[in-house]
Amino acid sequence: MKKSSISIFKVLVLAVGLTSFNGCSNFLEREPDTILPEEDIFGDEIMIRSVLSNFYGRLTNVPNTDPVITWGQHIANSYQYTILDEAGKSDGGPDVMQNYDNKLWRVYDYELIRNMNQFLQGIRATTALDEEKKRLYEGEVRFLRAWVYFNMARGMGGMPIVGDEVFDYQVGMDVTALQYPRSTEAGIYDYIIQECEAVSTMLDDKRNTNSARANKWVALMLKARAAIYAGSLANYNNKMSSPIRTAGGEVGIPADRAQGYYEQALTAAEDVINNSPYDLQLNKPDDLERNFYEAVSVKDNNTEVIWARDHIYPGTNQQVNFTTINIPGSHAEDIDRAYAGPILNLVEDFEYRDNRNGDINIRDNQGNYIFYDSPTAAFANKDARLGGTVILPGAQFKGTPVTLQAGQKVWNNGAWQTVTGAPGAADNNGRLITASNGPNRTNDVYINKTGFFFRKFLDEASGASTRGRNSEMWFPRFRFAEAVLIAAEAAMELGRQPVAVGYINQVRERAGIQPLTSVTLDDIIQERRVEFAFEDHRYWDMKRFRRAHIIWNGVVNSPTAQQWALFPYLVVAPGTANDGKYVFDRVTFSNSLHPRFFELRNYYNFIDLEWRNANPKIVLNPFQ
């Protein structure tokens, strides 16, 4: 039974403290502490804004669930990176979850959608706001609702679409009226795209503080992303030998829909590119590594980030501990450090300026070591985004070098002997054996195990790596670079090579690497891999392109499924030209072999059987 009004609507809101909206991100971080009835909420704009703040907070914090397993997008926890091919943990081995969980990053939050629909009823009926403000608030909440549907769709395919309906169960009523069937997969993407297109005309087109709130361009970015996802699903799922689908289309988009989705994606992306106040940030053309770090990780004067999950200090639960737990031990301000580090798989996907093969040269054709004057020399002339994403051995962080040295390679009787020691240990001549940062293969959870540290999202502010303060680091959900690469991908799929080449080369030029003359799907995958490392794209890209089961094939020592590390060593060879230089060993990450294994069943999260019991119209996903 649909309620005729929302008089019983109770919602958690702030009783006091919100005096200004004005695009500031602070309102997104407030915690509700009072329950008020609907007539008090919608009679006061401050209360209305408080409800909206509550919705933003709930986009990443789903009650009574594991946030890492649901929404992802949590730089507060490095776990999500370590189960892909982006990073490895420093606790002695890769996560035991070699296989992928059936509910990994699954979102199913109809309570939030119901509350948003209640809000829409209230905002449309209120007389406390003028029509322009009502339109803005409605557009913002409809966008947030579309974002919830998108997060459900990319994990599970088509799900029930309830529109603006608000249902309430009463004892004895016919519950079939509350049971909606799943939409088709195409249907839910169509709904998201249509909603984003509609609300883009309702929202402000100005930038706001720290890009914390939705505006017109945020809505168009979701339209572009939803359309490019739907297009690639229609395209590549149907190219599988056995396409994954259900009889009713809840999973599986017809191949003939692909072109239309690509056209919608290109139109939306080009609108952002040509008309928005954002751009590919290039504030430091003489230091492209630093430029990229700041374009992603620094809020001040940022022109690239379109929408972000922001964090502020001081306050309760308003900071993230990503910096605290991942900072190099040599730079730590508290007892925590080195929880995880990027793996070699990711590092080698960054090209050289004039060579698309990004493999680190550690041996010559005869199998002999290649000697470097410094550890950083091995990475010279790499894509500038690497240095803005990863702290390389010997690179600087906060003005001082991050020493990474696994041990010494000692020339002894015509052969190389590997010598390791306790972190920070030196030999009899005072030369470092193993750095305090590592890397090593012990069970010490505070020592790096991959040979690299995070730079992207690592906060340089004083005190940001302490438990008492933690970090204000944001998490970008949409960046201008994504609009450019969506346009490149859509144009490529539509056969418009000159357009695709023009767009992808904009991003590559900023990275300081050679331009392309043509664009393939592999080029798109490669570019997105290095541009958006740690930004919650890799997993979903591998799924929508139907590459996940190929990349993460579970094969021991696979170049893609196995996680790899790179250990630097100081050369000790007195009397030779190589004494004091550095060499590298490529090693499997940790002492155990746990290659990632993505199975066909993992392309769609499993439907919880409790949902099915409550609503028999919900059909199960393939492989259940």
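What you are looking at is a predicted structure, and each value in this text was computed from that prediction instead of being measured. (Residues numbered from 1 in each chain as written. Predicted model: local features only at pLDDT ≥ 70, side-chain atom pairs only at ≥ 80, totals over all residues. Heavy atoms only, no water.)

Chemist: Just to check I follow, could you spell out the side chain of Asn117 for this structure?
Modeler: Note that Asn117 resides in helix H4 (residues 110-125). Judged by relative accessible area, which is 1%, Asn117 ranks as buried. Reaching out from Asn117, the side chain makes a polar contact with the backbone oxygen of Glu165 at a distance of 3.0 Å. Apart from the residues within four sequence positions on either side, Asn117 is in contact with Arg145, Val162, Gly163, Asp164, Glu165 and Val166. (Helix = DSSP H or I, 4+ residues; strand = E, 2+ residues; numbered from the N terminus. Buried < 20%, exposed > 50% of the residue type's maximum accessible area, 1.4 Å probe, protein only. Polar contact = N/O pair within 3.5 Å; in protein donor to acceptor, adjacent residues only side chain to side chain. Contact = heavy atoms within 4.5 Å.)

Chemist: What's the story with the pairing of strand E12 (residues 475-479) in this structure? I'm lost.
Modeler: Note on strand geometry: in a regular strand, side chains alternate between the two faces of the sheet. Across the five residues that make up E12, a large majority, five, are buried. Relative to E12, strand E4 (residues 305-309) runs antiparallel, the two sharing four bridges. If you follow Ala308 over to E12, its bridge partner there is Pro476. (Pairing = 2+ DSSP bridges.)

Chemist: Help me understand the confidence of the model for the chain, please; the structure alone is not making it clear to me.
Modeler: Parts of the prediction with low pLDDT should not have their coordinates interpreted in detail. A residue-level look at the chain finds 88% of positions with pLDDT of 70 or above and a mean pLDDT of 89. For the stretch residues 1-35, pLDDT sits under 50, and the model shows 99 contacts to residues farther than four places along the chain or on other chains. Note that residues 63-68 has pLDDT below 50 and, in this model, seven contacts with residues that lie over four places away or in other chains. (pLDDT = per-residue confidence, 0-100.)

Chemist: Looking at this structure, how should I read a nonpolar patch on the surface?
Modeler: Taken together, the side chains of Ile335, Val445 and Tyr446 define a hydrophobic patch exposed on the protein surface, amounting to about 250 Å² of accessible area. Along the chain, Ile335 turns up in the loop between helix H10 (322-326) and strand E5 (340-342). (Patch = residues over 30% accessible without salt bridge, like charges linked within 9 Å, V, L, I, M, F, W, Y side chains within 5 Å. Areas by Shrake-Rupley, 256 points an atom, 1.4 Å probe, with all protein chains shown as cover. Salt bridge = Lys/Arg side-chain N within 4 Å of Asp/Glu carboxyl O.)

Chemist: Hey, could you run me through the pattern of salt bridges in this one?
Modeler: For side chains bearing opposite charge, pairing can occur when the charged atoms are close. A complete count under the given rule lists 47 salt bridges for this structure. One salt bridge connects Arg385 with Glu531, and the closest N-O pair in it is separated by 2.8 Å. Here Arg385, found in helix H12 (residues 384-389), pairs with Glu531, found in helix H15 (residues 521-531); they are 146 residues apart in sequence, far enough to count as distant. Among the residues examined, Arg385 registers a relative accessible area of 2% and is labelled buried. Assessed through its relative accessible area of 0%, Glu531 is described here as buried.

Chemist: Would you mind going over the packing of helix H8 (residues 258-275) against helix H13 (residues 480-493) with me for this structure?
Modeler: Relative placement of two packed helices is described by the angle separating their axes and the distance separating the axes. Look at H8 against H13: their axes get within 8 Å of each other, and the N-to-C directions meet at 145 degrees. The way H8 lies across H13 gives a crossing that is left-handed. Contacts between H8 and H13 involve Tyr262, Ala265, Leu266, Ala269, Val272 and Ile273 from the first element and Phe480, Ala483, Val484, Ile486, Ala487, Ala490 and Glu493 from the second. Partitioned by chemical class, the residues of the contact of H8 with H13 number 12 nonpolar, no polar and one charged. (Axes fitted to C-alpha atoms, helices over the stretch in contact; angles between N-to-C directions. Left-handed = near helix turned anticlockwise from the far one by under 90°. Nonpolar A, V, L, I, M, F, W, Y, C, P; charged D, E, K, R; others polar.)

Chemist: Mind showing me how you'd approach the sheet that holds strand E10 (residues 415-419) here?
Modeler: By way of backbone hydrogen bonds, the strands of a sheet pair with one another, either parallel or antiparallel. Sheet architecture is open: four strands sit in the order E10-E9-E13-E14, paired in mixed fashion. The sheet terminates laterally at E10 and strand E14 (582-588), the two strands that pair on one side only. Taking each pair of neighbouring strands and ignoring which way they run, the sheet shows an average axis angle of 35 degrees. In the sheet, strand E13 (residues 564-572) pairs with E14 via seven bridges, with the strands oriented antiparallel.

Chemist: Would you mind showing me how to read unusual backbone geometry here?
Modeler: Trans is the common state for peptide bonds, and a negative phi is the common state for residues other than glycine. With omega at 10 degrees, the peptide bond leading from Gly438 into Pro439 counts as cis. As for its placement among the helices and strands, Pro439 is situated in the loop between E10 and strand E11 (453-454). If you check the backbone angles, Ala338 has positive phi at about 50 degrees while not being a glycine. By the element assignment, Ala338 lies in the loop between H10 and E5.

Chemist: How do you make sense of the environment of Val199 when you look at a structure like this?
Modeler: Mapped onto the secondary structure, Val199 falls in helix H6 (residues 185-200). On a C-alpha basis, the gap between Val199 and Glu140 in space is 7.4 Å, while along the polypeptide they are 59 residues apart. For Val199, the residues in contact, after removing those within four places along its chain, are Gly139, Arg142, Phe143 and Ala219.

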